[in-house]
Amino acid sequence: MSKRPPATDWATDFDHLDPRWSENPYPIWDELRQKCPIAHTERFMGAYFPSRYEDVRAIAYDTEHFSSRRPVVRESRPPLMPAPPITSDPPEHRPAKQILLPAFTPDMIARHEPRTRDICRELIGRIAGKSRCDGAVDYAQEIPVRVIAHMLGVREDDADQFRKWIKEILEIGVTDVEVLMRGQNEMVAYFDDQIAARRQSPRDDLIGYLLNVRVDDCPFTDRHINGMLRLLMIAGIDTTWSAIGSCLWHLAQHADDRRRLAADGGLMGAAVEEFLRAYAPVTMAREVVKETQLNGCTFKPGQMILLSFPAANRDPAVFADADRVVIDRAHNRHAAFGLGIHRCIGSNLARMEISVALTEWLQCFPEFRLDPQASVTWSVGTVRGPRALPLLLDA
Amino acid sequence: MSATKVLIVKVDRERCQGHARCFALAPELFELDALGNGRERGDGRAAPSLEAKARLAQANCPELAIEVTEE
């Protein structure tokens, strides 16, 4: 990735893999919103980047011209890899999503809260007493992976394997198709085994549920179920891990917010929403399938859209003091979980995990800060969050 | 004629995508169905004292699916 030519102009040659973009994209987006609200690049075989909330919203709502079949902007156009419903368009999208929704309502997610709290406490137990730790590696990255494994009914101990696939599919695989296909194929094989095991001896977990569920009396094919399982695992891990990491990164540098939140648990709901707005981790993609126009831009079939909910969330036309984190912000119509039919199915799960993770952390570590001797590093590409977050834990 | 106003809240079922913000912020006024989509409780009529909560839910709905009126 270090061999990439640096972006020469964000408006006409943007590159979201450029280290300047990964490290601090916000000033770039502010500049684009004023100068060129829909930026373009010849990289990635042709892609656009809308930075205003209204344009992001319009594209998310327009499923006729903008397809979800390629949910990630990549260097090339590898074969389509359906992972329904995230890769589905109407009319297939609706039934594929509806069978998953009942497992992700706030009530159903609340059932996983005790396990989530136990995981957080176990991780904190390993850190407590030390003077420093890595908030991303030792804490944030371990929580969602274990919770989703618990929900799916697969081994929590396979967490390293799951994270490796995610890195291959969402980071390295963006520019290296071989690595992408390898990660993808390994995941397919893993879930084929899981499906076969449950056909032999049924189990009461999410995989078991998907094997039994019927739409109009028809079960889903194993290929469809495999795609859904890969989606749930990929979407459920580095997204929330990034969100938790960004929250800790913010709180490490803002003692006022940290102390307010530690003192008043009633603020947690609003604070989590504000962190989601300001540090939304997930950028999606759409592929133009029918020529159309928006704000003077003509989009042609085959071009990609980098659909940045994080950029929409920083638009001052919609959010007062958009670049300031206001942990008790009252009006917060943020789009961190997307807009329209592809609203993240795991939004209630993510909110629960972030809230539990921060509550448990602040209880044990009300005081902590960035380690000035070490560097924070950020993920590159579709999901943004700290991958190294060296912290000093002041007793 | 009574001068007392009645608050009416309504979730547009077509617009709602199940962000569940209304239920989180104003559970007195909104509930979720089995799929997690929002809807007004009962016929949506509520005491005017709940107006601030209704407006808060409205201002936090990402899909602009909530209507608040008075009668």
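Residues numbered from 1 in each chain as written. Chains lettered and ligands numbered in written order. Predicted model: local features only at pLDDT ≥ 70, side-chain atom pairs only at ≥ 80, totals over all residues.

1. Observations concerning the overall build of chain B
Now for step 1: Helices and strands together make up the secondary structure of chain B, namely two helices and five strands.
Now for step 2: For chain B, the C-alpha radius of gyration of 12 Å lies close to 11 Å, the compact-globule estimate for 71 residues.
Now for step 3: Viewed in the frame of its principal axes, chain B has a C-alpha envelope of about 40 × 20 × 20 Å.
Now for step 4: Relative to its 71 residues, chain B shows a buried fraction of 41%.
Now for step 5: Considering only residue pairs separated by 6 or more positions, chain B has 64% of its internal contacts joining residues 24 or more positions apart. (Helix = DSSP H or I, 4+ residues; strand = E, 2+ residues; numbered from the N terminus. Rg over C-alpha atoms; globule rule 2.2 N^0.38 Å. Buried ≥ 20, exposed ≤ 12 C-beta atoms within 10 Å, placed from the backbone. Contact = placed C-beta atoms within 7 Å.)

2. Section: helix α9 (residues 159–171) of chain A
Now for step 1: For α9(A), built from 13 residues, the straight-helix expectation of 18 Å at 1.5 Å per residue is met to within 8% by its first-to-last C-alpha distance of 17 Å.
Now for step 2: Contact partners of the buried residues in α9(A): α8 (142–152), α10 (177–200) and α12 (222–253) of chain A. (Expected span 1.5 Å × (residues − 1).)

3. Side note on the interface of chain A and chain B
Now for step 1: Taken together, the contacts link 20 residues of chain A with 15 residues of chain B.
Now for step 2: Among the residues forming the side of chain A that touches chain B, the class breakdown is nine nonpolar, nine polar and two charged. (Nonpolar A, V, L, I, M, F, W, Y, C, P; charged D, E, K, R; others polar.)

4. What about the environment of A:P366?
All names here are of chain A.
Now for step 1: Secondary-structure assignment places P366 in the loop between α16 (347–364) and β11 (368–370).
Now for step 2: Given 14 C-beta atoms within a 10 Å radius, P366 is considered partly exposed.
Now for step 3: For the pair P366 and L251, spaced 115 residues apart in sequence, the C-alpha to C-alpha distance is 9.8 Å.

5. Digging into the sheet that holds strand β1 (residues 7–11) of chain B
Residues and elements named next belong to chain B.
Now for step 1: Strand order in this open sheet of three strands is β4-β1-β5, and the pairing throughout is antiparallel. Taken across any chain shown, the strands that pair with only one partner, and hence form the sheet edges, are β4 (45–46) and β5 (66–70).
Now for step 2: Each of β1 and β5 is contacted by helix α2 (residues 51–59), which is oriented at about 150° to β5, the strand it contacts most. (Pairing = 2+ DSSP bridges. Axes fitted to C-alpha atoms, helices over the stretch in contact; angles between N-to-C directions.)

6. A short note on the nonpolar core
Now for step 1: Core analysis: the largest hydrophobic core is formed by 106 residues, its most contacted members being A:V56, A:L152, A:I244, A:L248, A:I305 and A:L307.
Now for step 2: If you tally residues by element for this core, the top one is α12(A), at 17 residues.
Now for step 3: Residues contacting A:I244, with those up to four places away along its chain left out, are A:A140, A:I143, A:I354 and A:A357.
Now for step 4: Grouped together as the second largest cluster of nonpolar side chains are 18 residues, B:V11, B:C16, B:A54 and B:A57 included. (Core = buried A, V, L, I, M, F, W, Y, C linked by C-beta atoms within 7 Å.)

7. Focus: the environment of A:S246
Residue and element names in this part refer to chain A.
Now for step 1: Looking at the secondary structure, you find S246 in helix α12.
Now for step 2: Spatially, the C-alpha atoms of S246 and L276 are 9.1 Å apart, while their sequence positions differ by 30 residues.
Now for step 3: Here S246 is in contact with F275, Y279, P281, G385 and P386, once residues within four sequence places are set aside.

8. Some words on α10(A)
Residues and elements named next belong to chain A.
Now for step 1: Here α10 is 24 residues long and its end C-alpha atoms lie 35 Å apart, about the 34 Å a rise of 1.5 Å per residue gives.
Now for step 2: By the burial criterion, the buried members of α10 are L180, G183, Q184, M187, F191 and Q194.
Now for step 3: Buried residues along α10 sit against α9, α11 (206–212) and α12.

9. A word on unusual backbone geometry
Now for step 1: In this model, A:P84 is joined to A:P85 through a cis peptide bond whose omega is 5°.
Now for step 2: Within the secondary structure, A:P85 is located in the loop between β3 (66–67) and α4 (93–98).
Now for step 3: With an omega of 0°, the peptide bond between A:P90 and A:P91 qualifies as cis.
Now for step 4: Along the chain, A:P91 turns up in the loop between β3 and α4.
Now for step 5: At A:M45, a position not held by glycine, the phi torsion is positive, near 55°.
Now for step 6: When you line up the elements, A:M45 lands in the loop between β1 (38–41) and β2 (47–50).
Now for step 7: In this model, B:A20 sits at a positive phi of 65°, which is unusual for a non-glycine residue.
Now for step 8: With respect to the helices and strands, B:A20 occurs in the loop between β1 and α1 (21–25).

10. Here we look at the sheet that holds strand β14 (residues 390–393) of chain A
Residue and element names in this part refer to chain A.
Now for step 1: Pairing is antiparallel across the open sheet formed by three strands, whose spatial order is β4-β14-β11. The sheet is open, and its two edges are formed by β4 (132–134) and β11, each paired on a single side. Neighbour-to-neighbour, the strand axes of the sheet open up by a mean angle of 30°, direction not taken into account.

11. Re the pairing of β2(A)
Within a regular beta strand, the side chains point alternately toward one face of the sheet and then the other, so they alternate between its two faces.
Residue and element names in this part refer to chain A.
Now for step 1: Of the two faces of β2, the one lined by A47 and F49 and the one lined by Y48 and P50 are each fully buried.
Now for step 2: Bridge analysis of β1 against β2 gives four bridges, and the strand direction is antiparallel. Its bridge partner being in β2, I38 is matched across the sheet by P50.
Now for step 3: Between β1 and β2, which pair antiparallel one after the other, the connecting turn spans five residues, and F44 there sits at a positive phi close to 55°.

The values are spatial; any link to function lies outside them.
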